[in-house]
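Residues per chain are reported as follows:
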Amino acid sequence: MFGLFKKKTELEKLQEQYKKLQKEAFDLSKSNRQKSDAKLKEADDVAKKIDELKASS
């Protein structure tokens, strides 16, 4: 309840986006391999941003 209005940090936003992209890639892997690979590439890019943020902290 108290965290209701708490703003998400940049790291939390990126981690959420990474999870979403991984799920989309998994779902697409069953039907369209090229789109799945594209989503995995996007997720990898987000993971690199997460690593950069963790390294700078």
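Residues numbered from 1 in each chain as written. Predicted model: local features only at pLDDT ≥ 70, side-chain atom pairs only at ≥ 80, totals over all residues. Heavy atoms only, no water.

Caption draft 1: Quick look at the environment of glutamate 12. Of note, glutamate 12 is situated in helix α1 (residues 10-29). Apart from the residues lying within four places of it in its own chain, the contact partners of glutamate 12 are Lys6 and Lys7. Here threonine 9 takes part through its backbone nitrogen, which lies 3.0 Å from a polar atom of the side chain of glutamate 12. (Helix = DSSP H or I, 4+ residues; strand = E, 2+ residues; numbered from the N terminus. Contact = heavy atoms within 4.5 Å. Polar contact = N/O pair within 3.5 Å; in protein donor to acceptor, adjacent residues only side chain to side chain.)

Caption draft 2: Region of interest: the pattern of salt bridges. For the structure on display, the rule yields 7 salt bridges. Notably, a salt bridge pairs lysine 8 with glutamate 16, separated by 2.4 Å at the nearest N-O pair. According to the relative accessible area criterion, lysine 8 is partly exposed, its value standing at 45%. By relative accessible area, which is 47% here, glutamate 16 ends up partly exposed. Close ionic contact of aspartate 44 with lysine 48 constitutes a salt bridge, the shortest N to O distance being 3.8 Å. Of this pair, aspartate 44 and lysine 48 both sit in helix α2 (residues 33-56), 4 residues apart, which is roughly one turn of the helix. By relative accessible area, which is 47% here, lysine 48 ends up partly exposed. (Salt bridge = Lys/Arg side-chain N within 4 Å of Asp/Glu carboxyl O. Buried < 20%, exposed > 50% of the residue type's maximum accessible area, 1.4 Å probe, protein only.)

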